[in-house]
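Structural overview for review
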Amino acid sequence: MKFESRNPTTGELLGTYPEHNNAEIEVRLQRAWDGWLSWSHTPLQERIAFLNRLARLLEERAETYGRLITAETGRTLADAIGEIKKSALDARYFAEAGEAFLKPQPVPGLPAQIIFESVGPIFSVQPWNVPFWQVLRFFNTTALVGNTAIIKHSETVQGCAEALETLVRDAGGPEGLYVNLAIQVEACAAVISDPRVRAATVTGSVRAGRAVAEEAARVGKKVVLELGGSDPFIVLEDADLAKAVQLGVTSRFFNNGEGCICAKRFLVAESLFDSFTKAFVEQAKALPMGDPMKDGIKLGPLARSALRTNLHRQVLDAVKAGARVLTGGEIPAGPGNFYPPTVLVGLPPEAAIAREEFFGPVAMIFPFKTEDEAIRLANITDFGLSAAVWSRDLVRARRVAGEIESGMVFINDFTRSDPRAPFGGTKASGFGRELGALGARELTNPKLIWEAA
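Note that the structure is predicted; figures quoted are calculated from it, not measured.

**Topic: helix 5 (residues 133-145)**
If you check helix 5, its first and last C-alpha atoms are 19 Å apart, about what 13 residues at 1.5 Å a residue would give, namely 18 Å. In terms of burial, helix 5 is a largely internal element, 13 of the 13 residues being buried. Backbone geometry just after helix 5 places G146 at a positive phi near 105°.

This is the structure in structure tokens:
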């Protein structure tokens with residue numbers, strides 16, 4: 001079987017890529033294992049030097065890789081180039097901070113210390129929507145600590161998958177440090193259970209994450225899961241309305257709305273609801289939609305036609321459940337997987353469809369009467385990835401943030417990832433962390449060394 005990469009703007013076939021058979025999988029798993037036996041004994045300063053070389057190449061190739069991302073996913077070119085530059089910043093950050101993160105830690109009161117050792121090859125299932133950043137935010141710390149990476153990238157971005165493997169090699173990464181594995185979901189279980197694989201990570205859907213976690217648990221291996229989200233964006237009555245609207249629109253429609261940390265449910269105090277909704281709709285309608293390679297475009301096509309079909313089904317289900325469409329909500333004529341910015345109001349927040357993840361440019365706005373009701377509505381979903389709280393009263397905002405069941409809460413800002421801060425969720429959104437000091441140590445063996453006199 002071959003995987004196909006298609007341009008979501010035109011439908012053009014960009015390339016076909018052979019699926020790896022069992023023999024090729026075996027070769028690549030052994031390559032990752034042999035690579036780890038060497039890389040784990042490579043001095044830390046050499047691993048840091050590699051990350052700096054990787055960062056430099058990313059900066060030099062930002063436009064080339066950005067165009068590849070846009071061609072395969074429909075992400076706007078400006079955002080795609082930004083994704084590459086952010087990946088370079090991530091590599092440089094861990095090159096600078098890595099030594100401190102991995103420094104042995106004394107155990108107070110005991111003649112002991114904790115050292116952070118590599119554990120071996122890590123199998124990582126990665127999605128299509130941010131195809132360089134999400135891979136590299138995992139890989140950079142993986143390489144730093146001395147592990148090797150086995151990447152199963154999405155079937156639809158195999159051009160990016162092969163480019164990433166080449167990038168690591170061009171940066172001087174040794175054989176087996178980064179192994180691209182072109183396989184289908186059904187082949188993942190055998191990889192996870194292979195004794196040469198020491199842990200697994202997933203960035204993707206809840207279904208995919210739970211399948212990987214189930215197999216990993218069966219064979220006693222650690223997993224890190226960064227799954228979906230239905231992030232609440234809470235606007236209290238004393239919020240800066242203009243800024244909340246502006247950044248709310250940015251958060252919801254960034255990357256064509258195809259992001260786990262895009263704000264999805266806007267919970268707005270009754271006193272601000274009409275003003276917020278009117279301004280939000282106006283700004284959403286003004287977003288330029290079109291060819292993502294062109295300057296000024298803010299919304300490109302969804303990555304696949306099936307994704308658009310499912311998103312539209314969700315909108316229709318929401319309408320059946322009581323929602324009103326204030327803008328958008330119709331599949332436009334013509335080529336490309338385009339879907340217009342869509343705003344829904346009137347949907348009962350307890351409705352099952354209101355608690356689903358809308359992976360595309362659809363916003364739901366709900367009013368609330370009290371702070372307690374806002375917290376209840378924020379927590380009503382099974383997800384718990386991130387949230388935003390808007391208030392001029394920081395004491396109040398911190399109190400509300402503390403009540404939200406979420407891995408991350410942003411006050412007077414929208415959710416973003418930053419190499420310096422841990423990233424991850426709770427509940428159905430997963431567990432474990434990437435980025436920051438916690439992410440650097442997440443897939444290490446924190447070994448206790450006790451030194452008796």
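Okay, back to it.
**Some details on the nonpolar core**
Here is a general trend for soluble globular proteins: nonpolar side chains tend to be buried in one another's company. Ranked by internal contacts, the top residues of the largest apolar core, which has 61 residues, are F50, L54, L58, F94, F132 and F139. The element that contributes the greatest number of residues to this core is helix 4 (residues 77-101), accounting for 11 residues. Once residues within four sequence positions are removed from consideration, F139 is found in contact with F50, L54, A149, V168, L177 and Y178. One finds I234, A269, L344 and M364 within the second-largest nonpolar core, a separate group that totals 29 residues.

**Some thoughts on unusual backbone geometry**
Backbone geometry at N256 places phi at a positive 60°, although glycine is not the residue there. By the element assignment, N256 lies in the loop between helix 9 (241-253) and strand 11 (265-269). Its relative accessible area of 2% is what places N256 among the buried residues. The phi dihedral of K427 is positive, around 55°, even though this residue is not glycine.

**Quick look at the packing of aromatic side chains**
Enumeration over the complete set of coordinates arrives at 15 aromatic pairs. An aromatic cluster of at least three residues, connected via ring pairs, comprises F233, F253, F266, F276, F280 and W390. Sitting over the face of the ring of F423, R137 holds its NZ or CZ atom 4.5 Å from the ring centroid. The ring of F116 has R441 sitting right over it, with the charged end atom 5.1 Å from the ring centre.

**Describing the sheet that holds strand 18 (residues 445-450)**
Two strands in a sheet stick together by hydrogen bonds in their backbones, pointing the same way (parallel) or opposite ways (antiparallel). Strand order in the open sheet made by the three strands is 3-4-18, with antiparallel pairing throughout. Of all the strands in the sheet, the pair left with one neighbour each is strand 3 (105-106) and strand 18.

**Some points on the layout of surface pockets**
By volume, the largest pocket is sized at about 1000 Å³. Of all the elements in the fold, those that place two or more residues in the lining of the largest pocket are helix 7 (188-193), helix 8 (206-218) and helix 11 (305-320). Top contributing element to the lining of the largest pocket by residue count: helix 8, with six residues. If you add up the space inside the second largest pocket, you get close to 460 Å³. Lining the second largest pocket we find 25 residues, and of these R75, K86, F254, I261 and S417 sit closest to its centre. Secondary structure elements with two or more residues in the lining of the second largest pocket: helix 4, helix 5 and helix 9. Ranked by the residues each element gives to the lining of the second largest pocket, the list is headed by helix 4, at five residues. For the lining of the second largest pocket, a count of residues per class yields nine nonpolar, nine polar and seven charged.

**Here's the deal with the side chain of S406**
Tracing the backbone shows S406 in the loop between helix 13 (394-403) and strand 16 (408-411). Only 3.2 Å separates the side chain of S406 from the backbone nitrogen of S386, close enough to count as a polar contact. Among the polar contacts listed, one links the side chain of S406 to the backbone oxygen of M408, at a separation of 2.7 Å. Beyond its immediate sequence surroundings of up to four residues, S406 is in contact with G384, L385, S386, A387 and T426.

**Observations concerning the sheet that holds strand 7 (residues 178-180)**
The six strands are arranged 7-6-5-8-9-17 in an open sheet whose pairing can be described as mixed. A strand with exactly one partner marks an edge of an open sheet, and here the two such strands are strand 7 and strand 17 (430-431). Direction of pairing for strand 5 (residues 121-125) relative to strand 6 (residues 148-152): parallel, over a ladder of five bridges. Residue pairing for strand 6: I122 is matched across the bridge by A149.

Criteria and thresholds
Residues numbered from 1 in each chain as written. Predicted model: local features only at pLDDT ≥ 70, side-chain atom pairs only at ≥ 80, totals over all residues. Heavy atoms only, no water. Helix = DSSP H or I, 4+ residues; strand = E, 2+ residues; numbered from the N terminus. Expected span 1.5 Å × (residues − 1). Buried < 20%, exposed > 50% of the residue type's maximum accessible area, 1.4 Å probe, protein only. Core = buried A, V, L, I, M, F, W, Y, C linked by side-chain atoms within 4.5 Å. Contact = heavy atoms within 4.5 Å. Phe/Tyr/Trp six-rings, centres within 6.5 Å; stacked < 30°, edge-to-face > 60°. Lys NZ or Arg CZ within 6 Å of the ring centre and 35° of its normal. Pairing = 2+ DSSP bridges. 1 Å grid on protein atoms, 1.4 Å probe; cavity = no way out; pocket = protein on both sides within 12 Å on 5 of 7 lines; lining within 4 Å. Points joined across faces, edges and corners; volume = space filled by probe spheres on them. Nonpolar A, V, L, I, M, F, W, Y, C, P; charged D, E, K, R; others polar. Polar contact = N/O pair within 3.5 Å; in protein donor to acceptor, adjacent residues only side chain to side chain.

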